[in-house]
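Results of the structural survey
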Amino acid sequence: MIEARGISHTFPGGVVALRGVDLTLRPGEAVALMGETGAGKSTLAQILAGLLRPSVGQVRWAGRPGPAGPWAPAGEGLRVAYLFQEAEHQLCEPTVWEDVAFGPRQLGLPGEVVQARVEEALALVGLDPEAIGGRSPFTLSGGEQRRAALAGLLATDPHVLILDEPTTGLDPAGAEGLIRLLHRLHREGMGLVVITHSLEEVAGWAERLLILHQGRLVVDEPLAQAVQRPEELARWGVEPPATLRLASRLRARGLPVPLGVTDPDALARAIAHLLDRGQAAPPVE
Ligand SMILES: Nc1ncnc2c1ncn2[C@@H]1O[C@H](COP(=O)(O)OP(=O)(O)OP(=O)(O)O)[C@@H](O)[C@H]1O
Ligand SMILES: [Mg+2]
């Protein structure tokens, strides 16, 4: 569990990035962190990961004062990993294999376990250990670098994984694959904080939605509940998923489609059901 109390942060030079943020992340919870550019998302994420000390306020990791990084050995508190918005920031070893092995080695794991973890982590993110393991991380494409950095974090088996706009710049199949992986890690019990500009990416599976606006936490509630107020989300710069936009237009035309259905198949079933039962169909223009 991560508890942040009264967090404010002012950068040198006077930019106020966070103002009085209170937040508790429960074990194994999947949270989406959203908000406009410059709202303070990366700053908050780095504070939650113990990489940045807030100017004001306190963070506790599983009841202890931090910092607890990805390489804190078992029993020394919560292992929290952060995937940077610019993944190349966290690649520093001569080869991809060495880079992914860095974390498990820091944990003091024996050689065979390190090897198994590296291979498993590279496979999870869709990088072939044979083809890519021996290459310099700096020769990889942007998307491959992001995957390699994520593999390095997964190899440490974190309790909480915080990802800063992880799908930016990936092709659609790559983005979908990454989201499926996150969904799976969450089902297996990992806590996740996903910073994203796309509610669609997280709508099917994240349990909670946080929205920052000019450094203040303006929304903190179950995601399924928050998406029922698309107008408010839009006010904070969060675009409602297409399913919600469609549902609210259908409702405006008299078809009582439930709001808050984010799965396209479920929405299609709800519409078909209403039409079958002879409810008022929207006028055709
Ligand atoms: N190292 C820094 N020094 C000074 N100001 C900074 C620094 N990092 C961030 N800021 C400022 O703090 C504010 C919050 O930045 P932050 O990076 O947390 O925003 P963000 O919500 O992650 O935005 P984006 O969606 O663009 O990534 C911004 O006004 C930014 O200019
Ligand atoms: Mg950011």
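Residues numbered from 1 in each chain as written. Chains lettered and ligands numbered in written order. Predicted model: local features only at pLDDT ≥ 70, side-chain atom pairs only at ≥ 80, totals over all residues. Heavy atoms only, no water.

A count of helices and strands for the protein chain gives 11 helices and 10 strands. Its C-alpha atoms give the protein chain principal-axis dimensions of about 65 × 45 × 35 Å. Out of the 285 residues in the protein chain, the part that is buried amounts to 47%. Counted over contacts in the protein chain with a minimum sequence separation of 6, partners at least 24 positions apart contribute 60%. Of the accessible surface of the protein chain, which amounts to about 13500 Å², a share of 52% is contributed by carbon and sulfur atoms. Each charge sign in the protein chain was given a centre, from 26 positive and 34 negative side chains, and these centres are 7 Å apart. (Helix = DSSP H or I, 4+ residues; strand = E, 2+ residues; numbered from the N terminus. Buried < 20%, exposed > 50% of the residue type's maximum accessible area, 1.4 Å probe, protein only. Contact = heavy atoms within 4.5 Å. Areas by Shrake-Rupley, 256 points an atom, 1.4 Å probe, with all protein chains shown as cover. Lys, Arg positive; Asp, Glu negative; His and termini not counted. Charge placed at Lys NZ, Arg CZ, Asp CG, Glu CD.)

Right, let's talk about the packing of aromatic side chains for a bit. Applying the stated criterion to the full structure yields 1 aromatic pair. For the ring pair Y82 and F84, a centre distance of 4.8 Å and an interplane angle of 65° mean the geometry is edge-to-face. When its relative accessible area of 4% is taken as the criterion, Y82 is described as buried. According to the relative accessible area criterion, F84 is partly exposed, its value standing at 22%. Cation over ring: R235 sits above W236, and NZ or CZ is 4.8 Å from the ring centre. (Phe/Tyr/Trp six-rings, centres within 6.5 Å; stacked < 30°, edge-to-face > 60°. Lys NZ or Arg CZ within 6 Å of the ring centre and 35° of its normal.)

The subject of this paragraph is the site of ligand 1. Near ligand 1, the surroundings consist of 14 residues, among which G38, K41, S42, T43 and Q85 are the closest. Within the side chain of E165, a nitrogen or oxygen atom sits 3.3 Å from an oxygen atom of ligand 1. Relative to its unbound accessible surface of 640 Å², ligand 1 loses 63% to contact with the protein. Ranked by residues supplied to the shell around ligand 1, first place goes to helix 1 (residues 41-48) with 3 residues. Class assignment of the residues belonging to the shell around ligand 1 gives a composition of 4 nonpolar, 7 polar and 3 charged. (Near = heavy atom within 4 Å. Polar contact = N/O pair within 3.5 Å; in protein donor to acceptor, adjacent residues only side chain to side chain. Nonpolar A, V, L, I, M, F, W, Y, C, P; charged D, E, K, R; others polar.)

On to the packing of helix 5 (residues 142-154) against helix 6 (residues 172-187). The contact between helix 5 and helix 6 brings their axes to 13 Å, and the two run at 10°. When the axis of helix 5 is compared with that of helix 6, the two are roughly parallel. Touching R147, L150 and L154 of helix 5 are G174, L178, L181 and L185, all from helix 6. In terms of residue class, the contact of helix 5 with helix 6 is built from 5 nonpolar, 1 polar and 1 charged. (Axes fitted to C-alpha atoms, helices over the stretch in contact; angles between N-to-C directions. Parallel < 35°, antiparallel > 145°, perpendicular 65-115°, else oblique.)

Take the sheet that holds strand 1 (residues 2-10) next. Pairing within the open sheet is antiparallel, and its 4 strands lie in the order 2-1-4-5. This sheet does not close on itself; its edge strands, each paired only once, are strand 2 (16-25) and strand 5 (64-65). Across 5 bridges, strand 1 lies against strand 4 (residues 56-61) in antiparallel orientation. Residue pairing in the sheet places A4 in a bridge with V59 of strand 4. Sheet contacts for helix 1: strand 1, strand 2 and strand 4; angle to strand 2, the most-contacted strand, approximately 50°. (Pairing = 2+ DSSP bridges.)

Bringing the pattern of salt bridges into the picture now. In this structure the tally under the stated criterion is 10 salt bridges. In this structure, the salt-bridge partner of E232 is R229, at a minimum N-O distance of 2.7 Å. Between R245 and E239 there is a salt bridge, with the nearest N and O atoms lying 3.0 Å from each other. For R245, a relative accessible area of 30% corresponds to the partly exposed category. (Salt bridge = Lys/Arg side-chain N within 4 Å of Asp/Glu carboxyl O.)

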